[in-house]
Amino acid sequence: MCGIVGYIGAQQAQPILLDSLHRLEYRGYDSAGIAVVGDTLQVEKCAGKVSALEAKHPHFSGTWGIGHTRWATHGPPTDSNAHPFLDATGQFALIHNGIIENYQGLRQELVTAGVPLTSQTDSEVLVQLIARADKGDTLAAVRSVLNRVEGSYGIVVIHRGRQELVAARNQSPLVIGLSTGEQFVASDIPAMLRYTNEMVYLQDGQLARLTPSSVEISDLAGASVPLRSETITWNAEDAERGGYEHFMLKEIFEQPKAILETMLERVPDLDLGLETVRLPRRIRLVACGTAFHAAMLGKVLMEQIAGIPSEAILASEFTFSGAVGEPGLVIAISQSGETLDTLSAVREARRRGAQVVAVCNVMGSTLTRETEHVLMTRAGPEIGVAATKTFTSQLVALYLLAAYLGRRNRHLEAEQVSRLVAELRRLPRLVQGVLDNHQAIQMTAEWIASAKDAFFIGRQFNYPTALEGALKLKEISYIHAEGYAAGELKHGPIALFGKDTPVIAIVPKDETYAKMINAIRESGARGTPVIAIATEGDQEVAQVADIVIRIPESEPRLSPVLATVALQLLSYYVAKYRGCEIDKPRNLAKSVTVE
Ligand code: AGP
């Protein structure tokens, strides 16, 4: 996700653009830039936050311009990859939020035509094509290019000699702020609330031409679209959370999009950009906290889908684990890419001669810079300290990686790969199904909000899910929660069971089902209240559990994603009932940069 803004009116554009960009930095902050039309087209852009851009002291005069704060998906955060992008003749400037899926072919067309390209990004391709299509009308040129584009975009384009902004949207949000004698456009409302609360939400496939005194909307066919504005009553802080009460809840609900973006351009061909990774005979997955729970599931996926012996090791233990056997492949999982325990494990792995693949959510982070192979999750910035969308995006990335390695070492037939990918492509819609059930989960949360202890149990793919559910509950509601392999209850923990210790059992209809039902019966026999996370349509579980939270049926190895979303919501609503500080839990940090 990037933050984009545009202004056109009678005021000086630069201060408005910079102020608006600061209000969008929660959307992404690894590089920033502005372009303002004065006597010439003036551009300043750099890697770093908006403050780094301001430190360059741009003094642009001019009353219309655009600005951008980037969350890198293609190409690391560098000055040259920062937006805005100029076309080769310096007439046009463009900013973009989204991913152009067919940019490689479009880029090749420009290279063949000898157009000099200055960046590795998909966004620059757009502005070069627009300049080549221009016949004096920016809106017409933008429309003709977008009719050739596949993928997601929110763009704003300016021309040095035409007093107008041209904006367009497909899947990436873009909102127009209406005012008298000046108009605004931005990827999100907070950027403009200081200046206007009259907003027009641009829809997919729509374009807009903004002048100081007018806004016209049309579609990709050129037909005009009536202007429908809404008056926003939120304040700026509410608006940054998109109307959600907490960033964590917003990020839980962003998971269908985060999963979709993480899959984009990688399915169905499993094009992961990891051709130079040598096929390993053993894999170690290293991570901390929630990412370690992804590593635990990743171990099962690598063994079952890729057929490669694998092990999940806590990053903080890796250095002390001793170098036995061949170094093989180390998969380092970290949403921030700054967790020192994980960085230390990677440095030790490289010292031992291992290949390293990083699964990370922040391009340009230390982990991505110190690792030769990177598989980015594309969950967008995660502001809530408790990991949610980055975790499920990590699971998707590991699933893709397992299928990729399984195909490379012929552990999987082509038909099996296609089936796995087809199941994965259903996931965003299945996750939405869990989210749609949030009210039932909210009611269940009230039932356990006063507990002092809680146990999460699962088997096989959902043993890591049980651990993650327990971590989520404890870190935001401060209830003591433990995750256990369900088979372990009778070996000790059940001594603690009683009417005040709710058990949350993850019991999808898979090969572990019968044994999970036994575990639920064992728990219930001690008077323990049991909440079951179970497959839609499963009637038997309702005979043994007190409350059933339903998740859609899925490929068994994907049920952890669905169960986790339900458990995230459960923990969120428990913490809310308990009046906890959900986005910034006590004693915790979003990125643990100490050992
Ligand atoms: C999870 O909710 C916590 N925020 C924490 O356990 C986190 O997963 C862990 O610190 C690892 O962080 P990373 O993914 O940025 O490396």
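Residues numbered from 1 in each chain as written. Predicted model: local features only at pLDDT ≥ 70, side-chain atom pairs only at ≥ 80, totals over all residues. Heavy atoms only, no water.

Chemist: Is there a simple way to explain the site of the ligand in this structure?
Modeler: The environment of the ligand is made up of 15 residues, and the closest members are Ser334, Gln335, Ser336, Thr339 and Glu475. Side-chain polar atom of Ser334 to an oxygen atom of the ligand: 2.7 Å apart, as the coordinates give it. Between the ligand and the protein, one listed contact pairs an oxygen atom with a side-chain N or O atom of Ser336 at 2.6 Å. Summarising the interface, the protein chains cover 92% of the accessible area of the ligand, which totals 410 Å² for the free molecule. Partitioned by chemical class, the residues of the shell around the ligand number 7 nonpolar, 6 polar and 2 charged. (Near = heavy atom within 4 Å. Polar contact = N/O pair within 3.5 Å; in protein donor to acceptor, adjacent residues only side chain to side chain. Areas by Shrake-Rupley, 256 points an atom, 1.4 Å probe, with all protein chains shown as cover. Nonpolar A, V, L, I, M, F, W, Y, C, P; charged D, E, K, R; others polar.)

Chemist: Which parts of the structure should I look at to understand the packing of helix 15 (residues 438–448) against helix 19 (residues 559–577)?
Modeler: Relative placement of two packed helices is described by the angle separating their axes and the distance separating the axes. Between helix 15 and helix 19, the least distance of the axes is 8 Å, while the angle of their chain directions is 50°. Regarding the angle of helix 15 to helix 19, the classification is oblique. The way helix 15 lies across helix 19 gives a crossing that is right-handed. Here helix 15 contributes His438, Ile441, Gln442, Thr444, Ala445, Glu446 and Ile448 to the contact with helix 19, which in turn contributes Ala566, Leu569, Leu570, Tyr573, Val574 and Tyr577. Among the residues forming the contact of helix 15 with helix 19, the class breakdown is 9 nonpolar, 3 polar and 1 charged. (Axes fitted to C-alpha atoms, helices over the stretch in contact; angles between N-to-C directions. Helix = DSSP H or I, 4+ residues; strand = E, 2+ residues; numbered from the N terminus. Parallel < 35°, antiparallel > 145°, perpendicular 65-115°, else oblique. Left-handed = near helix turned anticlockwise from the far one by under 90°. Contact = heavy atoms within 4.5 Å.)

Chemist: It is not clear to me how the sheet that holds strand 23 (residues 503–507) should be interpreted in this structure. Could you clarify?
Modeler: Pairing between the strands of a sheet comes from backbone hydrogen bonds, and it takes one of two forms, parallel or antiparallel. On the basis of which strands lie adjacent, the open sheet formed by 5 strands has the order 22-21-23-24-25 and parallel pairing. Unpaired on one side and paired on the other, strand 22 (480–485) and strand 25 (547–551) mark the two borders of the sheet. Pairs of neighbouring strands in the sheet enclose a mean axial angle of 20°, with direction left out of account. The sheet contacts of helix 19 involve strand 21 (453–458), strand 23, strand 24 (530–535) and strand 25, and relative to strand 25 the element is tilted by about 130°. (Pairing = 2+ DSSP bridges.)

Chemist: I would appreciate a short explanation of helix 14 (residues 414–435) in the present structure.
Modeler: What sets the pattern is the α-helix's 3.6 residues per turn: residues three or four places apart point alike. With 22 residues, helix 14 should cover 32 Å at 1.5 Å per step; its first-to-last C-alpha distance of 33 Å lies within 8% of that length. At Leu427, helix 14 shows its strongest bend, of approximately 40°, with the proline Pro428 following within four residues. Listed as buried for helix 14 are Val417, Leu420, Val421, Leu424, Leu427, Pro428, Leu430, Val431, Val434 and Leu435. (Expected span 1.5 Å × (residues − 1). Bend = angle between axes of the 7 residues up to and from the residue. Buried < 20%, exposed > 50% of the residue type's maximum accessible area, 1.4 Å probe, protein only.)

Chemist: Is there a simple way to explain the packing of aromatic side chains in this structure?
Modeler: When we look at a pair of aromatic rings, we describe it by the centre distance and by the angle of the planes. Taken as a whole, this structure holds 6 aromatic pairs when the rule is applied. Between Phe184 and Tyr195, the ring centres sit 5.2 Å apart and the planes meet at 15°, which makes this aromatic pair stacked. With Phe184 in strand 10 (residues 183–186) and Tyr195 in the loop between strand 10 and strand 11 (198–201), this pair connects stretches of sequence that are 11 residues apart. Given a relative accessible area of 2%, Phe184 falls into the buried group. By the ring-pair criterion, three or more aromatic residues cluster together here, those being Tyr7, Phe184 and Tyr195. One Lys or Arg, Arg352, reaches over the ring of Phe318 and ends 4.5 Å from the middle of that ring. Just above the ring of Tyr513 sits the side chain of Lys509; from NZ or CZ to the centre is 4.3 Å. (Phe/Tyr/Trp six-rings, centres within 6.5 Å; stacked < 30°, edge-to-face > 60°. Lys NZ or Arg CZ within 6 Å of the ring centre and 35° of its normal.)

Chemist: Looking at this structure, how should I read empty space enclosed by the protein?
Modeler: Where empty space is left in the structure can be found by rolling a water-sized probe over the atoms. Throughout the structure, instances matching the rule amount to 2 cavities of 30 Å³ or more. Of the volumes computed, that of the second largest cavity is approximately 30 Å³. If you go around the second largest cavity, the residues you meet are Val5, Gly6, Ile16, Leu17, Ser20, Phe184, Val185 and Met192. Elements supplying a minimum of two residues to the lining of the second largest cavity: strand 1 (3–8), helix 1 (13–22) and strand 10. Per-element accounting of the lining of the second largest cavity gives the leading share, 3 residues, to helix 1. (1 Å grid on protein atoms, 1.4 Å probe; cavity = no way out; pocket = protein on both sides within 12 Å on 5 of 7 lines; lining within 4 Å. Points joined across faces, edges and corners; volume = space filled by probe spheres on them.)

Chemist: Before we go on, may I ask you to explain the pairing of strand 11 in this structure?
Modeler: Regular strands place their side chains on alternate faces of the sheet. Across 3 bridges, the pairing between strand 9 (residues 175–178) and strand 11 is antiparallel. By the bridge assignment, Gly177 is partnered in strand 11 with Met199. Bridge count between strand 11 and strand 15 (residues 230–231): 2 bridges; the pairing is antiparallel. By the bridge assignment for strand 15, Met199 is matched with Glu230.

Chemist: Just to check I follow, could you spell out unusual backbone geometry for this structure?
Modeler: Peptide bonds are trans in most cases, and residues, glycine excluded, mostly fall at negative phi. Note the cis peptide between His83 and Pro84, where omega equals 5°. Position of Pro84 relative to the elements: it lies in the loop between strand 4 (64–70) and strand 5 (85–86). In this model, Val267 is joined to Pro268 through a cis peptide bond whose omega is 5°. Of note, Pro268 is situated in the loop between helix 8 (255–263) and strand 16 (283–287).

Chemist: Would you mind going over the pattern of salt bridges with me for this structure?
Modeler: Any two side chains of opposite charge can pair, on the condition that their charged atoms come close. Within this structure, the stated rule accounts for 27 salt bridges. Notably, a salt bridge pairs Glu254 with Lys389, separated by 2.6 Å at the nearest N-O pair. In this pair, Glu254 is assigned in the loop between helix 7 (247–253) and helix 8 and Lys389 in helix 13 (residues 389–408), connecting sequence segments 135 residues apart. Each of the two residues, Glu254 as well as Lys389, counts as buried. Between Asp500 and Lys499 there is a salt bridge; the shortest N-O distance is 3.3 Å. By relative accessible area, Asp500 is classed as exposed at 54%. Residue Lys499 is classed as exposed on the basis of its relative accessible area of 62%. (Salt bridge = Lys/Arg side-chain N within 4 Å of Asp/Glu carboxyl O.)

Chemist: Before we go on, may I ask you to explain the packing of helix 16 (residues 463–477) against helix 19 in this structure?
Modeler: For the pair helix 16 and helix 19, interaxial distance at closest approach is 9 Å and the crossing angle is 20°. Our classification of the angle between helix 16 and helix 19 gives roughly parallel. Classified by chirality, the crossing of helix 19 by helix 16 is right-handed. Where helix 16 abuts helix 19, its residues Thr465, Glu468, Gly469, Lys472, Leu473, Ile476 and Ser477 lie against Pro560, Ala563, Thr564, Leu567, Gln568, Ser571, Tyr572, Val574 and Ala575.

Chemist: I keep staring at the environment of Ala449 and nothing clicks. Help me out?
Modeler: Examined against the element boundaries, Ala449 turns out to sit in the loop between helix 15 and strand 21. When the C-alpha atoms of Ala449 and Ala575 are compared, they prove to be 7.5 Å apart, with 126 residues separating the residues in sequence. Contact partners of Ala449, with chain neighbours within four places excluded, come to Ile479, Val574, Tyr577 and Arg578.

Chemist: Can you walk me through the sheet that holds strand 3 (residues 41–47) in this structure?
Modeler: The antiparallel open sheet is built from 8 strands, whose spatial order is 3-2-4-1-10-9-11-15. Looking along the sheet, the strands with just one partner apiece sit at the ends: strand 3 and strand 15. As paired elements, strand 2 (residues 31–37) and strand 3 share 7 bridges and run antiparallel to each other. By the bridge assignment, Ala35 is partnered in strand 3 with Val43. Of the strands in this sheet, strand 1, strand 2, strand 4 and strand 10 are in contact with helix 1, which crosses strand 2 at around 155°.

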